[in-house]
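Residue strings, one per chain:
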Amino acid sequence: MDVSPLWVFWILLIGAAVVTAVTYFQPRFVGRAAAAVMTLAWLAWWLLGRRLPILAVTTDPSSVFFSWQMDKMSWQLSGVWLLLVTAVQTSGGGRRAASEESLIGLRCPPLAALLLAATGLAPLLAGNLAALLAAALLLIGAWSAVLWLCVADIHDNPAQMRPQVVWLMLSLLFIWLGATMAPESGVSSLDMRGWPTAATSSVLTAAWLLLGAWPFHGWRPTEWDLPPELAALIHTAPALAGLTLLARLVQSSDVSLGYSLFLTAFGLLGLLVGVRRAWANFSPAAAAAGLALAQVSLAALTIVWVGADVVVTEARVLALAAGLVFGVRGRRLKAADGAGKKPVWETYLFWIGPAAALGAMAGGPFLAGFAGRTGLYRVWVENGRFVLLLVAVLLHMLLVTAVLWRFGDSPEFEDETGDPRFQLAAGLLLTAGLLSFSGLGGAPLLIWLAVLVSLAGGGLLFYYGGEAVVYREALRRAFTVELPLDTPRQWLRDGGGWLETAVRDAAAILEGDGGLLWLLALLIAFLLAGG
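Residues numbered from 1 in each chain as written. Predicted model: local features only at pLDDT ≥ 70, side-chain atom pairs only at ≥ 80, totals over all residues. Heavy atoms only, no water.

Grouped together as the largest cluster of nonpolar side chains are 161 residues, with contacts concentrated most on Leu12 and Trp81. Sort the elements by how many residues they give to this core and helix 9 (residues 228–252) lands first, with 15 residues. Dropping the residues within four chain positions of it, Leu12 is found in contact with Val37, Met38, Ala41, Leu82, Leu114, Ala117, Ala118 and Leu121. (Core = buried A, V, L, I, M, F, W, Y, C linked by side-chain atoms within 4.5 Å. Buried < 20%, exposed > 50% of the residue type's maximum accessible area, 1.4 Å probe, protein only. Helix = DSSP H or I, 4+ residues; strand = E, 2+ residues; numbered from the N terminus. Contact = heavy atoms within 4.5 Å.)

Now the structure itself:
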C-alpha cells in the first residue's frame, strides 16, 4: 500500500467540506463532525510517524515537478500544528454564538479552523520549491478567505485587507525567484548546498516574509476584532511555514554564516518592536500581535545561531504559547449573576495556561523555550558576545512584563455560550504540549542566571511598577536633557526638524501599496547585487 505524506492534509481538507455541509444542514452536529475529523487526522499522523521518512513525487499536466516529504522534523512540526488546531476546536470556538453580520452561521466555526489546519499543514510537507510555492499559494488563499468570511468589518470594504495579502503574496514572488535562480539539479529538493547566493537570499527573504518577522510583519492583522481562537491560527499558520523554511535553509546551506549579522539585528529589532507594541497595549488584539512578533523574532534568532535542531521546540512556543496568548488559555470565566463562588483550587487551575505561556516565551525551565534560549545564550557566551546576551536579557524582562500585563490586567469576561470546562481543557492541552525537560542538564550557571534574572526582573517590573504609560513617560523624562547653550540647542532643533521632514517624506513614499512596490524594488536590487 502506497503511503503519502499528504494523508493528513486530505483528511483535513475533505473534513472541512463535510463540516461545511453539516454547518448548513445539521448545525447541532457540527462539534461532533469536527471532533471526528480531528480524530482521523491524529490517527493518520500517528500511522505516518511509523513509516518515516516518506517521499511522494507528482507531476501535473504541465510537467511541473512536485515533491512532498515527511521526515522527522516535518512530522513533529505537523504534530505541533495539529495540537493547536485541536485546542482551538476544544475551546468551544465552534459553539460560539452566531454573528449577525457574518456570512457564515458561526462566529468562529470549525470550518475556518479545519480549512486553515489543512492549508497550514501543506507548507510543512513541501519537498521542493515548486511544492512549496503551491502550498504557500493555497495557504494565502485560505487565509484571505477566512478573514473575509469571519470579520464583519471587511464585508463592506474588502480592499482594506489588500496590504496584508500583498505582504504575504510577496513571499510567493521570492520563492519563484529562488527557483528560477537555482541550478536545475537542485530544484528537486530543499537541499540548498551549492546554490548561488542570490537563490538562497531569495528563499531567505521568502521565509522572513512568511514568518512575519521585522521588518516584514505588515501582514499581521491587528485592527480587526477577530475571535481569539481564530486569531491564534491566523497569526501562526504563515509563521510556522516560514519557520520551517528557515530551518531548511539553515540545515542545508550556509545562509546563516553569511547573513548572521543582518539576521541578528533584524531579530533583536523585531523583539524590541514586538515588546513595544505589547507595552503600548492599545487593544488586546494589538498586544497579542506584538507578543507574537516578539516570539517570532526570538525563534528566528535561535534557529540562525543554534541550528535547525531547535526548530521543533521553538515551533511549540510559537504555536502553543500563541494559542494561550490569543485566548485559547482556559481562563476562568466570570460567574453569572447569582452563581456560587468558584473554589480556590479551580481558580488556580484555570491560571495554569497563562503561567505556561509566560514561562515558555521567557525561556523558563521545564518548558519548550528553555532549550532554545539556553542554546542561544551558550553560543553567544562561547563567542564572547556578552553585549548580545545583556541586550537579550533586558528585552526578555520587558517581554515578561508585557505577558503579565496581557493576562493580569485583562478583566475576566462573560461568554453566554462558551463552556468554562472547554476553555480549561484547551488551556491544559496547550500547557501539556509546552512541557519539556530538554536542555536542563548542560546549561552552565551563567545561562541559568540569565534566564532567571529575566523572569524575576520582568515580574518585579509588573508587581512594583505602574501601567505602561507611566514607564513611557518616565523614560521620556530620563532621556530629556536641557542644554545650557542656545546655539547648540538650535542646531539640534534644526537637525531634528530636517530628520523629521526626511522621515515624513520617506513614510509618504512607502505608504500604501505603492510603498510595498518600492520595498520590493529595493529587495530585488539587493538580491541582484548580492548575486
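Scanning all chains against the criterion turns up 2 salt bridges. Where Arg248 meets Asp71, a salt bridge forms, and the shortest distance between an N and an O atom there is 2.9 Å. Residue Arg248 is found in helix 9, and its partner Asp71 is found in the loop between strand 2 (65–70) and helix 3 (72–90); the two are separated by 177 residues along the sequence. For Arg248, a relative accessible area of 5% translates into the label buried. One salt bridge in this structure joins Glu314 and Arg373, with 3.6 Å as the shortest N-O distance. Residue Glu314 is found in helix 12 (residues 311–326), and its partner Arg373 is found in helix 15 (residues 369–382); the two are separated by 59 residues along the sequence. Accessibility classification places Glu314 together with Arg373 in one group, the buried group. (Salt bridge = Lys/Arg side-chain N within 4 Å of Asp/Glu carboxyl O.)

Now for the packing of aromatic side chains. Applying the stated criterion across every chain yields a total of 9 aromatic pairs. With a centroid separation of 5.6 Å and an interplanar angle of 65°, the aromatic rings of Trp214 and Phe266 are classed as edge-to-face. Of this pair, Trp214 sits in the loop between helix 8 (197–211) and helix 9 while Phe266 sits in helix 10 (residues 255–280); the two residues are 52 residues apart in sequence, bridging distant segments of the chain. Trp214 gets classed as partly exposed once you look at its relative accessible area, which sits at 23%. Ring plane angle 80° and centroid distance 6.2 Å describe the contact between Trp305 and Trp380, whose orientation is recorded as edge-to-face. Of the two residues, Trp305 is situated in helix 11 (residues 284–306) and Trp380 in helix 15; the sequence distance between them amounts to 75 residues. Overall, the relative accessible area of 18% leaves Trp305 in the buried class. Through a chain of ring-to-ring contacts, three or more aromatic side chains come together here, namely Trp42, Trp45 and Trp75. (Phe/Tyr/Trp six-rings, centres within 6.5 Å; stacked < 30°, edge-to-face > 60°.)

Let us now look at a nonpolar patch on the surface. The grouping of Leu40, Leu43, Trp46 and Leu47 at the surface amounts to a nonpolar patch, some 390 Å² of accessible area in total. With respect to the secondary-structure elements, Leu43 resides in helix 2 (residues 30–49). (Patch = residues over 30% accessible without salt bridge, like charges linked within 9 Å, V, L, I, M, F, W, Y side chains within 5 Å. Areas by Shrake-Rupley, 256 points an atom, 1.4 Å probe, with all protein chains shown as cover.)

You can see Ser67 is positioned in strand 2. Overall, Ser67 belongs to the buried group, its relative accessible area being 4%.

This part takes up the packing of helix 1 (residues 7–25) against helix 4 (residues 110–121). Two elements in contact, helix 1 and helix 4, have axes separated by 8 Å at closest approach and are oriented at 160°. One element, helix 1, and the other, helix 4, form an angle in the roughly antiparallel class. Judged by the twist between their axes, the crossing of helix 1 over helix 4 is left-handed. From helix 1, Val8, Phe9, Leu12, Leu13, Gly15, Ala16, Val19 and Thr20 reach across to helix 4, where they touch Pro110, Leu111, Leu114, Leu115, Ala117, Ala118, Thr119 and Leu121. Of the residues in the contact of helix 1 with helix 4, the class split is 13 nonpolar, 3 polar and no charged. (Axes fitted to C-alpha atoms, helices over the stretch in contact; angles between N-to-C directions. Parallel < 35°, antiparallel > 145°, perpendicular 65-115°, else oblique. Left-handed = near helix turned anticlockwise from the far one by under 90°. Nonpolar A, V, L, I, M, F, W, Y, C, P; charged D, E, K, R; others polar.)

Time to look at the environment of Thr180. Examined against the element boundaries, Thr180 turns out to sit in helix 7 (residues 162–181). Each C-alpha atom, one on Thr180 and one on Ala199, is 7.9 Å from the other, the two residues being 19 residues apart in sequence.

Attention now moves to the environment of Ala289. You can see Ala289 is positioned in helix 11. Assessed through its relative accessible area of 5%, Ala289 is described here as buried. Residues Ala289 and His217 lie 72 residues apart in sequence; the distance between their C-alpha atoms is 10.0 Å. With sequence-adjacent residues up to four places away left out, Ala289 is seen in contact with Thr222, His235 and Phe326.

By themselves, these observations are geometric and do not establish any function.
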